[in-house]
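Examination of the molecular architecture
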Amino acid sequence: MNTSKKKLLIVCEAFGGGVFAYVSQLCNDMCDDFEVYMAYALRPQTPKNYMEAMDKRVHMIEVKNFGGSILNPIKDMKVIKELRTIQKEVKPDIIHLHSSVAGGIGRLAFKTCKDYKLVYTPHGYAHILMGKPTDRKCRMYKLFEEILGRRNCITLTCCESEDEVAKTLTKRTAYVETGVNLDDLHKTIDPVQPEPTDKFTVYGMGRLCTQKQPDLFNRIAELVPEARFVWIGTGELQHQLTAPNIEVTGWKPRHEAIAMGKGAQIYVLCSLGEAIAMSLIENMYIGKLCLVSNTMGNKSVIKDGVNGFICDKAEDYAKRIKEAMVKFPSNLAEQGKKDVFNHYNTERMKKDYVEFYNDAIDGKYDK
């Protein structure tokens, strides 16, 4: 073990889904430059073979008391105590908290920051993704971010538009844009053959929840009855997809979802907001024409009329779909793919992260 390396402690309670993919990749990428420790919680969404995804050099530490309701004083104090014990044993130079639960508890646990730097990545602010600014719970989440934003911590977001939100909640911010592993995509996506279809197909994917705005997706489908619409996934708001030209497939194995996506012409991401959606980057890699909402995350990746289209309302999406059915803008889809190879990849992300961590340790973000 190279003891001259600086120590990086990553804390992640939401160890599943897109956050798992992001954090596991980050841990692995940092092993060449840092001694990496991963404090995590097991969730139902955590892959069964999660250890196989981790570089053998990553020190894995399960946080036993993570889980359960946040704002439960007894449970929260147990987590805080356990995290402080881990910090004392590891003696990290930098601690990086991922997602809202780890970010909330972690900023309470690590409040002195005398011997280390503290970083928090929200992976999409909950009060924005909920889409109900006047809702009591939504206002509470925003208040917590404002209060905890006064702590001695750097908020590191996943793109410039999320950083703009962060600046309204705290003083010390930075961003490193998300990237995908091109080698992994080459192995998993390139060999898959497109699912054939005889109709112009528009698709979306993910859990049908408020964030994904299925009611908006449904309205778009109603405005373009001549096109076939597909939603890969399911969720509590599936009942909002009522247009007769929408097919809801439910959850599909990854290779089947890729085949369906490859067979479509347009990918729609009409969410309330994202950090940076991995599905968007993957669809750019596949070469789909991407139509996205004018919201946090999406508008940082898609440049309107350059590598896709940004839309404000259902009529905007419908207009772009109808135009593409007459003359498909292949140049935009091709530019999107180039952007993934040139920028939204883990090689660039790794370089930016190493630079950020070293700058943080050296005090560049101190105020």
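These numbers come from a predicted model, not from an experiment.

1. A few points about the pairing of strand E1 (residues 6–12)
A large share of E1 lies buried, amounting to five of its seven residues. Where E1 lies against strand E2 (residues 34–40), seven bridges are found, and the strand directions are parallel. For Val-11, the partnering residue across the bridge sits in E2 and is Ala-39. Where the polypeptide runs from E1 across helix H1 (residues 17–30) and back to E2, its parallel neighbour, the crossover connection is right-handed. Pairing between E1 and strand E4 (residues 94–98): five bridges, direction parallel. By the bridge assignment, Val-11 is partnered in E4 with Leu-97.

2. Remarks on helix H12 (residues 314–326)
An ideal rise of 1.5 Å per residue puts 18 Å on 13 residues; H12 measures up with 19 Å between its terminal C-alpha atoms. Here H12 has its buried residues at Ala-314, Tyr-317, Ala-318, Ile-321 and Ala-324. Along the axis of H12, the buried residues cluster in a sector spanning 130 degrees; they form a single face. As for H12, its buried residues are in contact with strand E8 (201–205), helix H8 (214–223), strand E9 (228–232), strand E11 (266–269), strand E12 (289–293) and strand E13 (309–311).

3. Description of the sheet that holds E8
An order of E10-E9-E8-E11-E12-E13 is seen for the six strands of this open sheet, with the pairing classed as parallel. Of all strands in the sheet, those with a lone pairing partner are strand E10 (246–250) and E13, marking the two edges. Geometrically, the sheet is characterised by an average inter-axis angle of 25 degrees between neighbouring strands, direction not taken into account. Judged from the four bridges that link them, E11 and E12 form a sheet pairing that is parallel. For Leu-269, the partnering residue across the bridge sits in E12 and is Val-292. Running at roughly 170 degrees to E12, H12 makes contact with E8, E9, E11, E12 and E13 of the sheet.

4. Remarks on the packing of aromatic side chains
Where two aromatic rings form a pair, the distance of their centres and the angle of their planes describe that pair. Within this structure, the stated rule accounts for 13 aromatic pairs. Look at Phe-217 and Trp-231: their rings are 5.0 Å apart centre to centre, the planes differ by 80 degrees, and that puts the pair in the edge-to-face class. Here the residue Phe-217 occupies a position in helix H8, and Trp-231 occupies one in strand E9, the gap between them amounting to 14 residues. For the pair shown, Phe-217 and Trp-231 are each scored as buried. Members of the aromatic cluster, joined through ring pairs, are Phe-34, Tyr-353, Phe-356, Tyr-357 and Tyr-365.

5. Regarding the sheet that holds strand E5 (residues 117–121)
If you trace the seven strands from one edge of the open sheet to the other, you get E3-E2-E1-E4-E5-E6-E7, paired in parallel fashion. Each of the sheet's edge strands pairs with one partner strand only, and the pair in question is strand E3 (59–62) and strand E7 (173–175). Taking each pair of neighbouring strands and ignoring which way they run, the sheet shows an average axis angle of 25 degrees. On top of the sheet, helix H14 (residues 346–361) reaches E1, E2, E4, E5, strand E6 (154–157) and E7; it is set at about 125 degrees to E4, its chief contact.

6. Observations regarding unusual backbone geometry
Of note, Lys-91 is a non-glycine position whose phi angle comes to about 55 degrees, a positive value. Here Lys-91 shows up in the loop between helix H2 (73–90) and E4.

7. Remarks on the environment of Glu-347
Its location among the elements puts Glu-347 in helix H14. The sequence separation of Glu-347 and His-98 amounts to 249 residues, and the corresponding C-alpha distance is 20 Å.

8. Points about the nonpolar core
Across soluble globular proteins, you tend to see nonpolar side chains buried next to one another. Ranked by size, the top nonpolar core spans 36 residues in total, and within it Met-30, Met-38, Tyr-353, Phe-356 and Tyr-357 carry the most contacts. Mapped by element, the contributors of at least two residues to this core are E1, H1, E2, E6 and H14. Beyond its immediate stretch of four places on either side in the chain, Tyr-353 contacts Tyr-22, Leu-26, Met-30, His-96, His-98, Thr-121, Leu-156 and Val-176.

9. Things to note about the pattern of salt bridges
For the structure shown, the criterion picks out 19 salt bridges. A salt bridge links Arg-172 to Asp-366; the nearest nitrogen and oxygen atoms lie 3.4 Å apart. Here the residue Arg-172 occupies a position in the loop between helix H6 (160–166) and E7, and Asp-366 occupies one in the segment after H14, the gap between them amounting to 194 residues. Arg-172 sits in the buried class, given a relative accessible area of 10%. Judged by relative accessible area, Asp-366 falls into the partly exposed class, the value being 40%. A salt bridge links Arg-228 to Glu-247; the shortest N-O distance between them is 2.8 Å. Of the two residues, Arg-228 sits in strand E9 while Glu-247 sits in strand E10, which places them 19 residues apart along the sequence. Linked by salt bridges that have partners in common, Asp-32, Asp-55, Arg-57 and Lys-350 make up one network.

The rules behind the values
Residues numbered from 1 in each chain as written. Predicted model: local features only at pLDDT ≥ 70, side-chain atom pairs only at ≥ 80, totals over all residues. Heavy atoms only, no water. Buried < 20%, exposed > 50% of the residue type's maximum accessible area, 1.4 Å probe, protein only. Helix = DSSP H or I, 4+ residues; strand = E, 2+ residues; numbered from the N terminus. Pairing = 2+ DSSP bridges. Right-handed = clockwise from strand over helix to strand, strands pointing away. Expected span 1.5 Å × (residues − 1). Arc of directions from axis to C-beta. Contact = heavy atoms within 4.5 Å. Axes fitted to C-alpha atoms, helices over the stretch in contact; angles between N-to-C directions. Phe/Tyr/Trp six-rings, centres within 6.5 Å; stacked < 30°, edge-to-face > 60°. Core = buried A, V, L, I, M, F, W, Y, C linked by side-chain atoms within 4.5 Å. Salt bridge = Lys/Arg side-chain N within 4 Å of Asp/Glu carboxyl O.

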